[in-house]
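Observations on chain architecture
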Amino acid sequence: MTAFVLVSGPFTGGWVWEETVRGLRAAGVEAYPVTLTGMGGRRDDAGSGTDLGTHVADLVRLVDGIATTDVVLVGHGYGLHPVLGAADRRPERVARIVALDTALPQDGEAAVRSVPDPEVRAWLADPAGPGADGGPVPPPARGGWPRWGSTEGVPAEALDRLERLAAPQPAGTLTRPLRLTGAASALPVTGVLCTGNGSSIDLVEMLVESGPPQFRALADARVCFLELATGHWPMLSAPGELAATLLRAAAGEGHRVKAPERAPEGSDERADGSADEPTDGTAGPRADGSVDERAHAAEVPTHLLPFLLDPPEAPRERRGRVDLHLPDADVLGGRPRPAVVFVHGGPIAPDRRPTPRDSPFFLGYGRYAASLGVVGVTVDHRLHGLADYPRAAEDLAEAVGLVRADPRVDGDRVALWFFSTGGLLAADWLAAPPPWLRCVAANYPAFAPLPGWGGVEARFRPVDVLGPESAAVPVVLTRAGREHPAFAATVQDFLDAAAENGVEVDLVDVPLGHHGFELTDPTDASRAAVERAMRSVLRRLRA
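Residues numbered from 1 in each chain as written. Predicted model: local features only at pLDDT ≥ 70, side-chain atom pairs only at ≥ 80, totals over all residues. Heavy atoms only, no water.

**Comments concerning the sheet that holds strand 8 (residues 223-228)**
Spatially, the six strands line up as an open sheet ordered 2-1-3-4-7-8, and their pairing is parallel. The strands lining the two open edges of the sheet, one partner per strand, are strand 2 (30-34) and strand 8. Averaged over all pairs of adjacent strands, the angle between their axes in this sheet comes to 20°, without regard to strand direction. Looking at chain direction, strand 4 (residues 94-100) and strand 7 (residues 189-194) are connected through four bridges and run parallel. Bridge assignment links V98 to a residue of strand 7, and that residue is T190. Across the face of the sheet, helix 3 (residues 80-89) comes into contact with strand 1 (3-7), strand 3 (71-76) and strand 4 while running at roughly 165° to strand 4. Helix-sheet contacts for helix 9 (residues 239-250) involve strand 1, strand 3, strand 4, strand 7 and strand 8, and the interaxial angle to strand 8 is about 165°. (Pairing = 2+ DSSP bridges. Helix = DSSP H or I, 4+ residues; strand = E, 2+ residues; numbered from the N terminus. Axes fitted to C-alpha atoms, helices over the stretch in contact; angles between N-to-C directions. Contact = heavy atoms within 4.5 Å.)

What follows is the structure, encoded as structure tokens:
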């Protein structure tokens, strides 16, 4: 008989699974909702000594006491960390791992890396802070739960109960790294994606194709995915549907993602013929056309591939989170030059290396701008989670101030160029354009939070901020013809709002391009689009 072990996210215990447990048991399977040490009814066990190792040991003892070896371990949020730790220690007793609306952590990764609340991340990182000794992290204040995941669909009474019963989370459970030997690496994994929280199979496919190398593991034959049309807390918002989905997962059902092959240079289609699957474009460039390099591209993480153009190297100066790519001294000629500030998307993990400004993609854009006689500026803003947009906006404003104060920059001639989900950061600048902002550019942008991105503050909605004053700044918009529908919808809404408010938009279309066409489609058409967009920006800077 199948036995489900259900481990919930931070601040909660086995009580959150009550209705899902009833559904599972009614289907004739065993279900064990877990309250880990220090959580819920076991608050008396909490303390500085309770950490991830404690919770892994909790699950190992539970698994050892279950008669069947057909155990399905379900981890939700933080709960996936102890689930993987227990599976690594008892792989022979586990039939499957289910990651419930949660990314798979790697060996050596601490749960704090994926904590969505920036204030909690900073609190835990402060060596002099109250969490430094492993003390408890308080649960969210009333109304703060969306910072930890969408509460879409959760009834008011269930949300009241969540707030009432939430327990402090021992800090050591979030800061101690997960240690895996690889013993469970052959176990099948099912990812259950809650679309109301921004996850979907489409987005997984985007990450697999264009994201960092760890995402390639999601295309492994042992990994499959199911979707639930609800927020991050399906055990509260859709417990019956969750029970049915877990039964499907245990039966091995689900969608498997394939890692696409790279298309040969000049091709409009991928090597596997799938010309309509989009990818994420938060950072990362393309190959230079070499046949050998293109053949090797499938083995190289996309964000490390060369830029699709080949601009000459330019002097680069680093100032904190800002890099300045400077034109040749002869071009500068002692005269201040306009500047283009390139703004990456995200969220991007804080420990990702290289960071966006050191990736070939943004190095390429910065050098390309410098080669044309303007200062190219790249910024590592701190968009590490959906709740980080205010902090990323502060980083961008600080970077712009630094750039405009540089004597080599004409502070009255600056353009901001946004990429992908970095487009949300354009809202402040479009709402009240300063006189020195001569142009806003955007490549395959999101101009409103994507579905399920409830953790993004309402301020970051460019589609809603346009007004008559916005007409003072033109927009150069590069649009991918084969864009992901979620992005395309926000772009169309923006174009409609721009037309209503008299905002000039120069459209640069890449009809056969995908989201992140510089990454996925290194064609002559892609190069021409980049060159045309840059010419359009420079024309407005020099006007």
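More follows now that the structure is in view.
**Describing the nonpolar core**
Judged by nonpolar contacts, the single largest core of 75 residues is most densely connected at W17, V74 and I97. When residues no more than four places from it in sequence are discounted, the contact partners of V74 are F4, V5, L6, V7, W17, V83, V98, L100 and L246. Of all hydrophobic cores here, the second largest spans 51 residues; its members include V322, A392, V440 and F494. (Core = buried A, V, L, I, M, F, W, Y, C linked by side-chain atoms within 4.5 Å. Buried < 20%, exposed > 50% of the residue type's maximum accessible area, 1.4 Å probe, protein only.)

**Looking at the side chain of T2**
Along the chain, T2 falls in the segment before strand 1. Excluding residues within four positions of it along the chain, T2 makes contact with V29, E30, D70, V72 and A250.

**A closer look at the packing of aromatic side chains**
Evaluated as defined, the whole model comprises 20 aromatic pairs. For the ring pair F307 and F361, a centre distance of 6.3 Å and an interplane angle of 85° mean the geometry is edge-to-face. Of this pair, F307 sits in the loop between helix 10 (291-296) and strand 9 (316-319) while F361 sits in helix 12 (residues 360-371); the two residues are 54 residues apart in sequence, bridging distant segments of the chain. Both residues of the pair, F307 and F361, belong to the buried class. Here the aromatic rings of F342 and Y365 are separated by 5.4 Å at their centres, their planes lie at 40°, and the arrangement is tilted. Here F342 is found in strand 11 (residues 337-343), whereas its partner Y365 is found in helix 12, with 23 residues between them in sequence. Taken individually, F342 and Y365 each receive the classification buried, so the pair is uniform in this respect. Grouping aromatic residues by their ring pairs yields a cluster made of F307, F342, F361, F362, Y365, W417, F419, Y444 and F517. (Phe/Tyr/Trp six-rings, centres within 6.5 Å; stacked < 30°, edge-to-face > 60°.)

**Description of the pairing of strand 10 (residues 322-325)**
Regular strands show a simple pattern: their side chains alternate between the two faces of the sheet. Neither face of strand 10 is open: one carries V322 and L324, the other D323 and H325, and all of them are buried. Of the strand pairs in this sheet, strand 9 and strand 10 are connected by four bridges, and their pairing is antiparallel. Each residue of the ladder has a partner; that of R318, found in strand 10, is D323. Linking strand 9 back to strand 10 in an antiparallel pair, the connection comprises two residues, with G320 at a positive phi of about 65°. As paired strands, strand 10 and strand 12 (residues 375-379) are joined by four bridges and run antiparallel to one another. Within strand 12, the position partnered with H325 by the bridge is G376.

**Regarding the sheet that holds strand 12**
Within a sheet, neighbouring strands are paired by backbone hydrogen bonds and run either parallel or antiparallel to one another. Strand order in the open sheet formed by eight strands is 9-10-12-11-13-14-15-16, with mixed pairing between adjacent strands. Each edge of the open sheet is held by one strand with a lone partner, namely strand 9 and strand 16 (505-514). Going across the sheet, the axis of each strand differs from the next one's by a mean of 20°, ignoring polarity. Across the sheet, helix 13 (residues 389-405) touches strand 9, strand 10, strand 11, strand 12 and strand 13 (409-419), and the angle it forms with strand 13 is around 150°. Set on the sheet, helix 16 (residues 485-500) makes contact with strand 15 (475-482) and strand 16; between it and strand 15 the angle comes to about 145°.

**Thoughts on unusual backbone geometry**
The linkage connecting G346 with the following residue, P347, adopts the cis geometry, with an omega of 5°. Residue position: P347 is located in the loop between strand 11 and helix 12. Of note, the amide linkage connecting R353 to P354 takes the cis form, showing an omega dihedral of -5°. Take P354: it is sitting in the loop between strand 11 and helix 12.

**Some remarks on the confidence of the model for the protein**
Here the protein averages 87 in pLDDT, while 87% of its residues score no lower than 70. The model gives residues 262-298 a pLDDT under 50, and that stretch makes 118 contacts with residues more than four places away or in other chains. (pLDDT = per-residue confidence, 0-100.)

**Re the packing of helix 12 against helix 18 (residues 524-541)**
In contact at an axis separation of 12 Å, helix 12 and helix 18 are set at 50° when each is read in the N-to-C sense. Classed by the angle they form, the pair helix 12 and helix 18 counts as oblique. Crossing angle aside, the handedness with which helix 12 passes helix 18 is right-handed. Residues Y365, Y368 and A369 of helix 12 form the contact with helix 18, whose participating residues are V530, E531 and M534. Grouping the constituent residues of the contact of helix 12 with helix 18 by class yields five nonpolar, no polar and one charged. (Parallel < 35°, antiparallel > 145°, perpendicular 65-115°, else oblique. Left-handed = near helix turned anticlockwise from the far one by under 90°. Nonpolar A, V, L, I, M, F, W, Y, C, P; charged D, E, K, R; others polar.)

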